[in-house]
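Each chain, written out:
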Amino acid sequence: MTLKSTIAAALAATMIAGMAMPAQAQISERTIRVSNGVAEDHPVGDGIAAMQQCFDERTGGAWTLNAFWSSALGDDLQATQALRSGTQEMVVTSTSPIVGIVPALGVFDLPFLFANEQEADAVLDGEFGQYISDMMPEANLINLAFWENGFRNLTNSVRPVESLEDFEGMRVRVMQNNIFLDTFQTLGTNATPMAFGEVFTALETGAIDAQENPYVTIDTSQFYEVQDYLSNTRHAYTPFMVLFSKPIWDSYSAEEQQILVECAEIGRDVQREASRALSNESLARIQEAGMQVNDIPEEEMAEIREAVQGVYERNAETIGQEVIDRMMAALEEVRAQ
Ligand code: KDG
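Considering unusual backbone geometry
A positive phi angle, near 55°, is found at Ser 70, a position not held by glycine. Position of Ser 70 relative to the elements: it lies in the loop between strand 2 (63-68) and helix 3 (76-84). Judged by relative accessible area, which is 45%, Ser 70 ranks as partly exposed. One non-glycine residue, Asn 140, adopts positive backbone phi at about 70°.

In C-alpha coordinates form, the structure reads like this:
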(Lines give C-alpha, C1' and ligand atoms only; values in the text may rest on other atoms or scores of the structure.)
Protein backbone atom coordinates (compact mmCIF):
# COMPACT_ATOMS: atom_id res chain seq x y z
CA MET A 1 0.00 0.00 0.00
CA THR A 2 1.43 3.42 -0.90
CA LEU A 3 1.34 6.24 1.60
CA LYS A 4 -1.56 7.92 -0.21
CA SER A 5 -3.69 4.76 -0.34
CA THR A 6 -2.97 4.11 3.37
CA ILE A 7 -4.19 7.60 4.27
CA ALA A 8 -7.26 7.26 2.03
CA ALA A 9 -8.22 3.93 3.61
CA ALA A 10 -7.71 5.26 7.14
CA LEU A 11 -9.67 8.41 6.31
CA ALA A 12 -12.57 6.41 4.89
CA ALA A 13 -12.64 4.15 7.95
CA THR A 14 -12.49 7.15 10.28
CA MET A 15 -15.27 8.95 8.45
CA ILE A 16 -17.55 5.89 8.53
CA ALA A 17 -16.78 5.11 12.17
CA GLY A 18 -17.02 8.68 13.40
CA MET A 19 -19.81 10.08 11.19
CA ALA A 20 -21.39 11.75 14.20
CA MET A 21 -18.07 13.27 15.38
CA PRO A 22 -17.64 16.98 14.60
CA ALA A 23 -14.98 17.25 11.85
CA GLN A 24 -12.89 19.67 13.94
CA ALA A 25 -12.51 16.96 16.64
CA GLN A 26 -10.13 15.07 14.32
CA ILE A 27 -7.68 18.01 14.32
CA SER A 28 -5.77 18.65 17.55
CA GLU A 29 -3.80 21.75 18.54
CA ARG A 30 -0.18 21.08 17.52
CA THR A 31 3.30 22.65 17.37
CA ILE A 32 5.41 20.99 14.68
CA ARG A 33 9.18 21.48 14.99
CA VAL A 34 10.99 21.45 11.65
CA SER A 35 14.73 21.91 11.12
CA ASN A 36 17.09 22.46 8.20
CA GLY A 37 20.78 23.14 7.71
CA VAL A 38 20.44 26.20 5.51
CA ALA A 39 19.62 29.78 6.48
CA GLU A 40 16.02 31.07 6.69
CA ASP A 41 16.39 33.20 3.54
CA HIS A 42 17.08 30.02 1.51
CA PRO A 43 14.05 28.97 -0.63
CA VAL A 44 13.31 26.28 1.96
CA GLY A 45 12.00 29.27 3.98
CA ASP A 46 9.46 29.97 1.22
CA GLY A 47 8.29 26.38 1.34
CA ILE A 48 7.91 26.43 5.11
CA ALA A 49 5.94 29.70 4.95
CA ALA A 50 3.61 28.18 2.34
CA MET A 51 3.11 25.11 4.53
CA GLN A 52 2.22 27.31 7.52
CA GLN A 53 -0.33 29.22 5.43
CA CYS A 54 -1.81 25.92 4.30
CA PHE A 55 -1.99 24.71 7.91
CA ASP A 56 -3.73 27.95 8.95
CA GLU A 57 -6.38 27.38 6.28
CA ARG A 58 -6.82 23.66 6.89
CA THR A 59 -6.71 23.60 10.72
CA GLY A 60 -8.21 26.98 11.55
CA GLY A 61 -4.94 28.07 13.14
CA ALA A 62 -4.57 24.98 15.34
CA TRP A 63 -1.13 24.06 13.98
CA THR A 64 2.12 26.02 14.33
CA LEU A 65 5.26 25.20 12.35
CA ASN A 66 8.22 26.04 14.58
CA ALA A 67 11.22 26.28 12.21
CA PHE A 68 14.88 25.99 13.25
CA TRP A 69 17.56 27.05 10.71
CA SER A 70 21.31 26.66 10.14
CA SER A 71 21.51 23.23 11.80
CA ALA A 72 20.21 24.66 15.14
CA LEU A 73 18.72 21.23 15.97
CA GLY A 74 21.73 19.32 14.63
CA ASP A 75 22.81 18.37 11.13
CA ASP A 76 20.64 16.49 8.63
CA LEU A 77 21.55 13.06 9.95
CA GLN A 78 21.13 14.00 13.63
CA ALA A 79 17.75 15.62 12.99
CA THR A 80 16.58 12.63 10.96
CA GLN A 81 17.57 10.29 13.80
CA ALA A 82 15.52 12.48 16.17
CA LEU A 83 12.48 11.90 13.93
CA ARG A 84 13.04 8.15 14.01
CA SER A 85 12.99 8.19 17.82
CA GLY A 86 9.94 10.47 17.92
CA THR A 87 11.68 13.41 19.61
CA GLN A 88 11.22 15.81 16.66
CA GLU A 89 8.35 16.06 14.17
CA MET A 90 9.88 17.15 10.86
CA VAL A 91 13.10 17.87 8.96
CA VAL A 92 13.87 19.15 5.47
CA THR A 93 17.02 17.22 4.63
CA SER A 94 19.13 16.45 1.61
CA THR A 95 18.90 12.79 0.67
CA SER A 96 22.71 12.45 0.61
CA PRO A 97 23.57 12.57 4.34
CA ILE A 98 20.98 9.91 5.22
CA VAL A 99 21.96 7.14 2.82
CA GLY A 100 23.23 5.23 5.86
CA ILE A 101 19.57 4.90 6.94
CA VAL A 102 18.08 4.17 3.48
CA PRO A 103 20.90 3.16 1.07
CA ALA A 104 18.61 3.40 -1.98
CA LEU A 105 18.68 7.21 -1.60
CA GLY A 106 22.24 7.04 -2.93
CA VAL A 107 20.77 6.79 -6.44
CA PHE A 108 20.30 10.57 -6.35
CA ASP A 109 24.02 11.08 -5.71
CA LEU A 110 25.15 9.37 -8.92
CA PRO A 111 27.06 11.96 -10.94
CA PHE A 112 25.33 13.66 -13.86
CA LEU A 113 22.13 11.63 -13.31
CA PHE A 114 19.57 14.37 -14.05
CA ALA A 115 20.04 16.77 -16.99
CA ASN A 116 17.55 19.40 -15.86
CA GLU A 117 14.95 20.31 -13.19
CA GLN A 118 12.03 19.21 -15.37
CA GLU A 119 13.12 15.60 -15.52
CA ALA A 120 14.04 15.66 -11.83
CA ASP A 121 10.50 16.83 -10.99
CA ALA A 122 8.92 14.20 -13.25
CA VAL A 123 10.92 11.35 -11.67
CA LEU A 124 10.60 12.56 -8.06
CA ASP A 125 6.85 13.28 -8.30
CA GLY A 126 6.13 10.14 -10.31
CA GLU A 127 6.21 6.39 -9.72
CA PHE A 128 9.93 6.31 -8.89
CA GLY A 129 9.57 8.95 -6.18
CA GLN A 130 6.66 6.99 -4.71
CA TYR A 131 8.79 3.81 -4.85
CA ILE A 132 11.46 5.56 -2.77
CA SER A 133 8.93 7.16 -0.38
CA ASP A 134 7.40 3.74 0.27
CA MET A 135 10.77 2.59 1.64
CA MET A 136 10.80 5.24 4.38
CA PRO A 137 8.22 3.86 6.89
CA GLU A 138 10.54 0.85 7.42
CA ALA A 139 13.04 3.39 8.83
CA ASN A 140 10.35 5.02 11.01
CA LEU A 141 10.11 7.95 8.58
CA ILE A 142 7.37 9.37 6.34
CA ASN A 143 8.36 11.33 3.23
CA LEU A 144 5.71 14.03 2.78
CA ALA A 145 7.20 15.46 -0.43
CA PHE A 146 10.39 16.02 -2.41
CA TRP A 147 11.58 19.63 -2.47
CA GLU A 148 14.56 21.13 -4.30
CA ASN A 149 18.10 21.52 -3.10
CA GLY A 150 19.26 21.80 -6.70
CA PHE A 151 22.09 21.37 -9.18
CA ARG A 152 25.47 21.44 -7.49
CA ASN A 153 28.48 23.47 -8.67
CA LEU A 154 32.05 23.54 -7.37
CA THR A 155 33.51 26.55 -5.55
CA ASN A 156 37.14 26.82 -4.43
CA SER A 157 39.94 29.19 -3.53
CA VAL A 158 42.75 27.61 -5.54
CA ARG A 159 42.03 28.08 -9.26
CA PRO A 160 39.24 28.10 -11.83
CA VAL A 161 38.33 24.48 -12.69
CA GLU A 162 38.19 24.31 -16.49
CA SER A 163 39.25 20.69 -17.09
CA LEU A 164 39.57 17.30 -15.37
CA GLU A 165 43.18 18.06 -14.50
CA ASP A 166 42.19 21.18 -12.55
CA PHE A 167 40.53 19.09 -9.83
CA GLU A 168 43.87 17.43 -8.99
CA GLY A 169 44.82 17.61 -5.30
CA MET A 170 42.05 20.07 -4.34
CA ARG A 171 40.82 19.60 -0.74
CA VAL A 172 37.05 19.40 -1.33
CA ARG A 173 34.35 19.03 1.31
CA VAL A 174 31.63 16.61 0.31
CA MET A 175 28.42 15.58 2.09
CA GLN A 176 28.74 12.55 4.40
CA ASN A 177 28.11 10.10 1.60
CA ASN A 178 30.34 7.45 -0.01
CA ILE A 179 29.09 8.12 -3.52
CA PHE A 180 30.11 11.79 -3.41
CA LEU A 181 33.40 10.67 -1.84
CA ASP A 182 33.97 8.20 -4.68
CA THR A 183 33.06 10.78 -7.33
CA PHE A 184 35.43 13.44 -6.02
CA GLN A 185 38.25 11.01 -5.31
CA THR A 186 37.87 9.73 -8.87
CA LEU A 187 38.20 13.33 -10.08
CA GLY A 188 41.57 13.45 -8.32
CA THR A 189 40.64 15.59 -5.34
CA ASN A 190 41.44 15.09 -1.68
CA ALA A 191 37.75 14.75 -0.63
CA THR A 192 36.59 15.17 2.99
CA PRO A 193 33.06 14.24 4.21
CA MET A 194 31.73 16.97 6.54
CA ALA A 195 28.39 18.12 7.95
CA PHE A 196 27.02 21.21 6.23
CA GLY A 197 27.13 23.34 9.40
CA GLU A 198 30.95 23.03 9.56
CA VAL A 199 31.66 24.06 5.95
CA PHE A 200 31.86 27.86 6.25
CA THR A 201 34.41 27.76 9.10
CA ALA A 202 36.46 25.05 7.37
CA LEU A 203 36.68 27.23 4.25
CA GLU A 204 37.40 30.37 6.30
CA THR A 205 40.29 28.74 8.20
CA GLY A 206 41.69 27.09 5.08
CA ALA A 207 41.13 23.59 6.43
CA ILE A 208 39.58 22.84 3.04
CA ASP A 209 39.87 24.56 -0.36
CA ALA A 210 36.49 23.80 -1.87
CA GLN A 211 32.87 22.74 -1.53
CA GLU A 212 29.98 22.11 -3.90
CA ASN A 213 26.41 23.34 -3.67
CA PRO A 214 23.66 25.07 -5.70
CA TYR A 215 23.90 28.84 -6.29
CA VAL A 216 21.11 29.60 -3.76
CA THR A 217 23.03 27.79 -1.01
CA ILE A 218 26.38 29.40 -1.93
CA ASP A 219 24.55 32.76 -1.76
CA THR A 220 22.40 32.33 1.38
CA SER A 221 25.26 30.65 3.29
CA GLN A 222 27.65 33.47 2.20
CA PHE A 223 30.26 31.05 0.86
CA TYR A 224 31.25 33.88 -1.55
CA GLU A 225 32.95 35.49 1.48
CA VAL A 226 35.43 32.60 1.73
CA GLN A 227 35.66 31.33 -1.87
CA ASP A 228 37.20 32.87 -5.02
CA TYR A 229 36.10 30.67 -7.94
CA LEU A 230 32.80 29.06 -8.99
CA SER A 231 32.89 26.51 -11.82
CA ASN A 232 29.61 25.41 -13.41
CA THR A 233 30.01 21.64 -13.07
CA ARG A 234 26.31 20.79 -12.45
CA HIS A 235 27.67 17.41 -11.40
CA ALA A 236 24.60 16.29 -9.39
CA TYR A 237 21.02 17.34 -8.59
CA THR A 238 20.20 16.86 -4.89
CA PRO A 239 16.57 16.58 -3.76
CA PHE A 240 15.38 17.60 -0.31
CA MET A 241 12.99 15.23 1.48
CA VAL A 242 10.36 16.70 3.80
CA LEU A 243 10.48 13.90 6.36
CA PHE A 244 8.06 13.37 9.24
CA SER A 245 8.52 11.19 12.31
CA LYS A 246 6.50 7.97 11.86
CA PRO A 247 6.01 7.45 15.63
CA ILE A 248 4.44 10.93 15.76
CA TRP A 249 2.62 10.47 12.40
CA ASP A 250 0.96 7.35 13.82
CA SER A 251 -0.56 9.46 16.61
CA TYR A 252 -2.24 11.78 14.07
CA SER A 253 -5.77 11.19 12.72
CA ALA A 254 -6.15 10.23 9.05
CA GLU A 255 -7.46 13.72 8.36
CA GLU A 256 -4.38 15.27 10.00
CA GLN A 257 -2.08 12.98 8.02
CA GLN A 258 -3.79 14.09 4.81
CA ILE A 259 -3.29 17.76 5.76
CA LEU A 260 0.44 17.11 6.31
CA VAL A 261 0.86 15.54 2.86
CA GLU A 262 -1.26 18.08 0.98
CA CYS A 263 0.39 21.09 2.65
CA ALA A 264 3.88 19.65 2.03
CA GLU A 265 2.96 19.31 -1.66
CA ILE A 266 1.74 22.91 -1.76
CA GLY A 267 5.00 23.89 -0.05
CA ARG A 268 6.91 21.87 -2.65
CA ASP A 269 5.53 23.83 -5.60
CA VAL A 270 6.23 27.17 -3.88
CA GLN A 271 9.73 26.11 -2.79
CA ARG A 272 10.79 24.83 -6.21
CA GLU A 273 9.50 28.01 -7.86
CA ALA A 274 11.36 30.17 -5.33
CA SER A 275 14.54 28.09 -5.77
CA ARG A 276 14.49 28.57 -9.56
CA ALA A 277 13.52 32.23 -9.35
CA LEU A 278 16.33 32.96 -6.85
CA SER A 279 18.98 30.93 -8.68
CA ASN A 280 19.93 33.62 -11.20
CA GLU A 281 19.72 36.36 -8.56
CA SER A 282 22.05 34.31 -6.37
CA LEU A 283 24.52 33.89 -9.24
CA ALA A 284 24.51 37.66 -9.79
CA ARG A 285 25.13 38.29 -6.07
CA ILE A 286 27.96 35.74 -6.08
CA GLN A 287 29.59 37.58 -8.98
CA GLU A 288 28.99 41.01 -7.43
CA ALA A 289 30.74 39.69 -4.30
CA GLY A 290 33.84 39.15 -6.45
CA MET A 291 33.78 35.43 -7.19
CA GLN A 292 35.09 34.51 -10.64
CA VAL A 293 32.51 32.27 -12.39
CA ASN A 294 33.37 30.00 -15.32
CA ASP A 295 31.66 27.46 -17.55
CA ILE A 296 33.59 24.36 -18.58
CA PRO A 297 34.02 23.67 -22.33
CA GLU A 298 31.84 20.77 -23.52
CA GLU A 299 34.81 18.63 -24.60
CA GLU A 300 36.28 18.98 -21.09
CA MET A 301 32.89 18.21 -19.53
CA ALA A 302 32.71 15.04 -21.66
CA GLU A 303 36.07 13.94 -20.23
CA ILE A 304 34.87 14.67 -16.67
CA ARG A 305 31.64 12.71 -17.21
CA GLU A 306 33.61 9.81 -18.70
CA ALA A 307 36.02 9.80 -15.74
CA VAL A 308 33.22 9.29 -13.19
CA GLN A 309 31.13 6.73 -15.10
CA GLY A 310 32.67 3.97 -12.95
CA VAL A 311 30.98 5.42 -9.86
CA TYR A 312 27.69 3.86 -11.04
CA GLU A 313 29.05 0.32 -11.14
CA ARG A 314 31.14 0.60 -7.97
CA ASN A 315 28.12 1.72 -5.91
CA ALA A 316 25.38 -0.40 -7.53
CA GLU A 317 25.49 -3.06 -4.81
CA THR A 318 25.13 -0.49 -1.99
CA ILE A 319 22.32 1.42 -3.70
CA GLY A 320 20.62 -1.70 -5.10
CA GLN A 321 20.72 -2.69 -8.78
CA GLU A 322 16.91 -2.74 -8.90
CA VAL A 323 16.83 0.86 -7.67
CA ILE A 324 19.29 1.98 -10.35
CA ASP A 325 17.46 0.02 -13.06
CA ARG A 326 14.12 1.59 -12.06
CA MET A 327 15.67 5.05 -12.03
CA MET A 328 17.16 4.60 -15.50
CA ALA A 329 13.84 3.26 -16.81
CA ALA A 330 12.01 6.24 -15.28
CA LEU A 331 14.48 8.64 -16.87
CA GLU A 332 14.17 6.90 -20.25
CA GLU A 333 10.38 7.24 -20.06
CA VAL A 334 10.54 10.91 -19.16
CA ARG A 335 13.06 11.64 -21.92
CA ALA A 336 10.92 9.83 -24.50
CA GLN A 337 7.97 12.17 -23.85
O1 KDG B 1 19.60 20.66 5.63
C2 KDG B 1 20.09 20.79 4.33
C3 KDG B 1 21.53 21.16 4.41
O4 KDG B 1 22.03 20.92 5.66
C5 KDG B 1 22.42 20.42 3.46
O6 KDG B 1 21.93 19.16 3.12
C7 KDG B 1 22.69 21.22 2.25
O8 KDG B 1 23.41 20.45 0.20
C9 KDG B 1 23.69 20.57 1.36
C10 KDG B 1 25.02 20.12 1.84
O11 KDG B 1 25.98 20.40 1.08
O12 KDG B 1 25.16 19.49 2.90
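That shown, we press on.
A short note on the domain arrangement of the chain
Split into domains, the chain comes out as domain 1 (3-149 + 238-279) and domain 2 (151-237 + 284-336). Between the C-alpha centres of domain 1 and domain 2 the distance comes to 26 Å. Facing the 45 residues of domain 1 at the interface are 41 residues of domain 2. Carbon and sulfur atoms make up 65% of the surface buried where domain 1 meets domain 2, a total of about 3700 Å² over both sides. Where domain 1 packs against domain 2, one counts one salt bridge. A salt bridge links Arg 335 to Glu 119; the shortest N-O distance between them is 2.6 Å. Across the contact surface, domain 1 and domain 2 share eleven residue pairs in polar contact (both at pLDDT 80 or more). Within the residue set of the side of domain 1 that touches domain 2, elements represented by two or more residues are helix 4 (117-124), helix 5 (127-133), strand 4 (141-151), strand 10 (237-245) and helix 10 (254-288).

A short note on the sheet that holds strand 3 (residues 90-94)
Pairing is mixed in the open sheet, where five strands are placed in the order 2-1-3-10-4. Whereas interior strands pair on both sides, the edge strands pair on one side only; in this sheet they are strand 2 and strand 4. Each strand axis lies, on average, 20° off the axis of its neighbour in the sheet, ignoring direction. Examined bridge by bridge, strand 3 and strand 10 share five bridges and lie antiparallel to one another.

Re empty space enclosed by the protein
Counted under the stated rule, the structure contains three cavities of 30 Å³ or more. Empty space within the largest cavity amounts to approximately 190 Å³. Both of domain 1 (3-149 + 238-279) and domain 2 (151-237 + 284-336) provide at least three residues apiece to the lining of the largest cavity.

Cut-off values and rules
- For every chain, the first residue of its written sequence is number 1, and the numbers climb from 1 along that sequence.
- With the structure being a predicted model, the display of local features is reserved for residues of pLDDT at least 70 and the display and counting of side-chain atom pairs for 80 or more, all residues being used for whole-chain, interface and lining totals.
- Computation of side-chain values covers all heavy atoms of the structure but excludes hydrogens and water.
- Here a helix means four or more residues in a row that DSSP labels H or I, a strand means two or more in a row labelled E, and each is numbered from the N terminus.
- Think of it in three bands: with a 1.4 Å probe and only protein chains considered, a residue is buried below 20% of the maximum accessible area for its type, exposed above 50%, and partly exposed in between.
- Domain start and stop points were drawn from an automatic or database domain assignment.
- Working rule for contacts: check all heavy atoms of both residues, and any pair within 4.5 Å makes them a contact.
- Here the quantity called buried area is the accessible surface, traced with a 1.4 Å probe, that two parts lose on coming together, added over both.
- The rule for a salt bridge is simple: a side-chain nitrogen of Lys or Arg has to be within 4 Å of a carboxyl oxygen of Asp or Glu.
- Whenever two N or O atoms come within 3.5 Å, that pair is a polar contact, provided that in protein one can donate a hydrogen and the other can accept it, and provided that, for residues adjacent in sequence, both atoms are side-chain atoms.
- Paired strands, in this sense, are two strands between which DSSP finds at least two bridges.
- All axes are obtained by fitting lines to C-alpha atoms, using only the stretch in contact for helices, and the reported angles, taken between N-to-C directions, cover 0 to 180 degrees.
- Cavities and pockets were defined on a 1 Å grid built from protein atoms only: a cavity is a group of points that admits a 1.4 Å probe but offers it no way out, a pocket is an open group of points flanked by protein on both sides within 12 Å along at least five of seven lines, and a lining residue is one with an atom within 4 Å of any such point.
- Grid points are joined across faces, edges and corners, and a volume is the space filled by probe spheres set on the points.

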